[in-house]
Amino acid sequence: MASQEGGMFPCEVSASSDGPVNEGVTQARTGRHELLVDEGEHLPGSEGEQEHPSPVDYLVFALVSCQVSVLEQALYGAGVEEYEIEAVGAVDALDNDDVPDEMPAHTAARLDHVDVDVALEVPKEYGEAARDCLDAYNAGCIVGQSLTDGIEYTSSKSLEVGGE
């Protein structure tokens, strides 16, 4: 298996014909946490209900939870001692142009837009500090900034063909 030694936020995913591929479930590991990944039921061409989150669900979850975490840190830093945050995120636009012939259309879709709504409630005495935090927190969200600026990645591939 390929190694990403020295890389930050390592993630390992493995699959085999002996695994639950027919069920659409993949196993992933990051640090000491194991994640189960299902085919996304919201993508065009997907079949059935998913038992586990899809990769897109994890992406949206990463964005929304990062935003809430950074907002909490900003509020703490600003001395806001009482608050309630409610945040909801959802993909609201997909694009699946230029799908290679070898791929099912739903697997080559691109997320065009994720909508994140953050609602913050604070007592009156924290209003100004909370407003400043709301104006600034997004700049500290590593996931949001990465998505906004576009994430470059490298995909290296290898193939081993066994002999008789």
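As a reminder, the structure under discussion sits directly above these lines.
Quick caveat: nothing in here was measured; it's all calculated off a predicted structure.

1. A look at the overall build of the protein chain
Turning to step 1, where the next piece is worked out: Within the protein chain one finds 3 helices and 5 strands.
Turning to step 2, where the next piece is worked out: Along the protein chain, helices and strands appear, N-terminal first, in the series β-β-β-α-β-β-α-α.
Turning to step 3, where the next piece is worked out: The 164 residues of the protein chain split such that 17% are buried.
Turning to step 4, where the next piece is worked out: Of all intrachain contacts in the protein chain linking residues separated by at least 6 positions in sequence, the fraction that spans at least 24 positions is 45%.
Turning to step 5, where the next piece is worked out: A total accessible area of about 12700 Å² is found for the protein chain, and carbon and sulfur atoms account for 48% of it.

2. Considerations on the nonpolar core
Across soluble globular proteins, nonpolar side chains show a tendency to be buried alongside one another.
Turning to step 1, where the next piece is worked out: Within the largest apolar cluster, 12 residues are counted, these being Leu63, Cys66, Val70, Leu71, Leu75, Val80, Ile85, Tyr126, Ala130, Cys133, Tyr137 and Cys141.
Turning to step 2, where the next piece is worked out: Taken together, the elements giving at least two residues each to this core come down to helix 1 (55–77) and helix 2 (127–136).
Turning to step 3, where the next piece is worked out: If we skip the residues at most four places from it in the chain, Leu75 touches Val80, Tyr83, Ile85, Leu120, Ala130 and Cys133.

3. A word on the layout of surface pockets
Over the atoms a probe the size of a water molecule is rolled, and this reveals where empty space is left.
Turning to step 1, where the next piece is worked out: A volume near 2200 Å³ is recorded for the largest pocket.
Turning to step 2, where the next piece is worked out: Along its surface, the largest pocket is lined by 40 residues, and Phe9, Cys11, Pro55, Leu59 and Ile151 are the ones closest to its centre.
Turning to step 3, where the next piece is worked out: Listing elements by their share of the lining of the largest pocket, those giving two or more residues are strand 1 (12–14), strand 2 (25–30), strand 3 (33–38), helix 1, strand 5 (110–121) and helix 3 (142–149).
Turning to step 4, where the next piece is worked out: Examining the composition of the lining of the largest pocket, we find that 8 residues originate from one element, helix 1, more than from any other.

4. Thoughts on helix 2
Turning to step 1, where the next piece is worked out: For helix 2, the full list of buried residues reads Gly127, Ala130 and Cys133. Summarising the axial view, the buried residues of helix 2 lie within an arc of 125 degrees, below the 170-degree limit, and thus occupy one face. The outward face of helix 2, more than 90 degrees from its buried face, is lined by the exposed residues Glu128, Arg131 and Asp135.
Turning to step 2, where the next piece is worked out: Looking at the buried positions of helix 2, the neighbouring elements they touch are helix 1 and strand 5.

How each quantity is defined
Residues numbered from 1 in each chain as written. Predicted model: local features only at pLDDT ≥ 70, side-chain atom pairs only at ≥ 80, totals over all residues. Heavy atoms only, no water. Helix = DSSP H or I, 4+ residues; strand = E, 2+ residues; numbered from the N terminus. Buried < 20%, exposed > 50% of the residue type's maximum accessible area, 1.4 Å probe, protein only. Contact = heavy atoms within 4.5 Å. Areas by Shrake-Rupley, 256 points an atom, 1.4 Å probe, with all protein chains shown as cover. Core = buried A, V, L, I, M, F, W, Y, C linked by side-chain atoms within 4.5 Å. 1 Å grid on protein atoms, 1.4 Å probe; cavity = no way out; pocket = protein on both sides within 12 Å on 5 of 7 lines; lining within 4 Å. Points joined across faces, edges and corners; volume = space filled by probe spheres on them. Arc of directions from axis to C-beta.

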